[in-house]
Structure formats: structure tokens, C-alpha cells
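A structural walkthrough
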Amino acid sequence: MEKKIYYHLPGLFEFYDLYEMFLPLFFEHRNYFYEWCEIGSIYGAPQECLWGGGRVGFGDEDPKKVLELMDKYEISARLTFSNSMLNKKHLLDKKCNQLCSLFEKSGRNGIIIHSDLLLDYLKKKYPKFYFVSSTTKVLTDFNEFKEELNREEFDYVVPDFRLNKKLEQLKELSEKQKRKVEFLCNECCWFNCYARKDCYENVSKKNLDIDCEDHICVSPNAIKGYRFSDAMNNPGFIGIDDIKNIYAPAGFENFKIEGRSLGSAMILEFLLYYMTKPEHQLKVREEIYLSNSLDLF
């Protein structure tokens, strides 16, 4: 496949130790990995980050160390600031502004965002960032999704995963629009979920210490938690063969892997499945496991 595909990977702060081992493998042993895949970005947010949203991060890694690692390999770092419940007083949060001041310097980094209030603030105060429209907007109406793609302030737009297989409509997008689409590949959420937006809003409220009840997942299989095997059977799942044979030939090149709230062993499985040639997957797995102390239980 001649076309380059860009993966946007989870856990910028959450899985620093994993990426510290994986990135040297990826760049020094490119023959282990598909020639057509690249790392478009790694995204995440530190724990107790007021502007954070979506699946709130639990990362406690030093932001300076994180940025040094990203700069070493010239990878775009994306701050996940997708809280949907912000108001003006939250814009002055010291920790989030310090993060922006630090990560803006390289000029290659971005912010995943939901709130237009925060977007306007960041565009003026930190003009070197690019912006990604968050999947937490739950854009399930295709016309609304197209309107979002047409907004000049966004370089990328992540639609709700239930638009992934609207292939006839997707193929009719312009080339400019297609370059901005970033598909969420491995979502395990119930395809018929009617409370996905409520779930994201609940996370945003809790991150702001707003008193509210816990969101109760409405999925029939919620008790099982995330399983990659279940995600593969989701009607919205985009697998590697789909990318190579359907989406790339149609002009799409950006694919997001979710998983910030999972464990690093599961993230490694995603990296193996989406990026690593089958004959080299064991080598990569051994390099990671033998370089670190791994407790499965």
C-alpha cells in the first residue's frame, strides 16, 4: 500500500513507560512494522486536569519528560481537553495553562477539544496549537458531521463511531474533508447506546467536582468491561483489513485508537494488531515484556 496511514495513539501521560520502550523499537526496527503506517500523534491528559474530558486520564508522568520523549521522535503530542461543561472561571486554571505554555513551544502539538469557549480562549492565548474536534460531541448525524468538517478552526474531526460504516456518504466527501476525518477504530461501546453523550457529560462534571450521581452504563454487556474481541465484533469496528482495502483507497488516512482508561498490556495488543507485521509481533511483545516487570494479576 503506497498511501501513508497515521495512527493517533492513547496514553500520552498514562502510558509513558510503555512508549519509552515502544518508540525506539518502532523507529529503529521499522522492518517489524508496516511500511505504510506512521504515528500521527499520542494523546492524553494528566490526572486531575480540570479541562480534561472523555475518558479522564490517570497519568501522573512529569509533563517535561513526556514532552522530551515526544520531541526526541518528533511526534505530535495532543492534550485531551475535551471537557464539555467548562465556564469562564475555569479558563484561568493554572495547571492547564502551564501545560499549554509548555507544549505549545515545539509548534507540532495539538489539543483535542469540545468546548467552543475553551477553543476561542486557546486560539488567542496559544496560537501555535492545532485543534481536533472531539468525539465527545457524539456527532451521529452525518450533516452535522459535515458542518464540523467545514469549520476552519479544526484540522481534524473525530466522528462518533456509529458513522464509521456510512461508506457511501463518506466517499462523497471532498478530498479536503477526507483529510480531516479521524476515525475511532476500536470502540467497544454498545452500538445502540442512547446515553453516550450523558456518559461523557458525567465525566466532565466529575472532573470539575460538580456534585452528581455516577453514570450507569446502559450497555447489556457493561459488566464485562472493555474486551478487544468484543470491539472487533462491534458494527462500527475498523480493522486493519478495512483500513487497507476500504478506507485508504477511498482517501482516508487518520485513525484513532482508544484506550486511555485501559491497561498498558491492552494498549500493546492494539499496537501489535494495527501496526506490527504478524511475523514480528512476538519479537515486539518479547522486547516489551523482557524490558519491564510485568504483573498480569
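Each remark here, short or long, concerns the structure printed above.
Note that the structure is predicted; figures quoted are calculated from it, not measured.

This paragraph deals with the packing of aromatic side chains. All chains considered together, the criterion is met by 25 aromatic pairs. With a centroid separation of 5.5 Å and 85° between ring planes, the pair formed by F22 and F33 is classed as edge-to-face. One end of the pair, F22, is in helix α1 (residues 16–28); the other, F33, is in the loop between α1 and β2 (37–44), with 11 residues separating them in the sequence. Look at F33 and you get buried, because its relative accessible area is 0%. By way of ring pairs, the aromatic residues Y7, F228, F237, F270, Y273 and Y274 are connected into one cluster.

By the alternation rule, side chains of strand β4 (residues 110–113) split into G110 and I112 and I111 and I113, which are all buried. Bridging between strand β3 (residues 76–81) and β4 involves four bridges; their strand directions are parallel. Looking at the pairing, T80 lines up with I112 of β4. Crossover handedness for the path β3 to helix α3 (residues 94–103) to β4: right-handed. The pairing of β4 with strand β5 (residues 130–133) spans four bridges and is classified as parallel. Bridge pairing links I112 to V132 in β5.

So, on to the packing of helix α11 (residues 264–275) against helix α12 (residues 281–290). Put simply, α11 and α12 touch, their axes get as near as 10 Å, and they point 155° apart. The pairing of α11 with α12 is recorded here as roughly antiparallel in orientation. As for the relative orientation of α11 and α12, their crossing is right-handed in sense. Facing L268, E269, L272 and Y273 of α11, the residues of α12 in contact are Q281, V284, R285, I288 and Y289. Residue composition of the contact of α11 with α12, by class: six nonpolar, one polar and two charged.

It is worth spelling out unusual backbone geometry at this point. Even without glycine at this site, E74 takes up a positive phi of about 55°. Mapping E74 onto the fold places it in the loop between α2 (63–72) and β3.

Analysis parameters
- Residues numbered from 1 in each chain as written.
- Predicted model: local features only at pLDDT ≥ 70, side-chain atom pairs only at ≥ 80, totals over all residues.
- Heavy atoms only, no water.
- Phe/Tyr/Trp six-rings, centres within 6.5 Å; stacked < 30°, edge-to-face > 60°.
- Helix = DSSP H or I, 4+ residues; strand = E, 2+ residues; numbered from the N terminus.
- Buried < 20%, exposed > 50% of the residue type's maximum accessible area, 1.4 Å probe, protein only.
- Pairing = 2+ DSSP bridges.
- Right-handed = clockwise from strand over helix to strand, strands pointing away.
- Axes fitted to C-alpha atoms, helices over the stretch in contact; angles between N-to-C directions.
- Parallel < 35°, antiparallel > 145°, perpendicular 65-115°, else oblique.
- Left-handed = near helix turned anticlockwise from the far one by under 90°.
- Contact = heavy atoms within 4.5 Å.
- Nonpolar A, V, L, I, M, F, W, Y, C, P; charged D, E, K, R; others polar.

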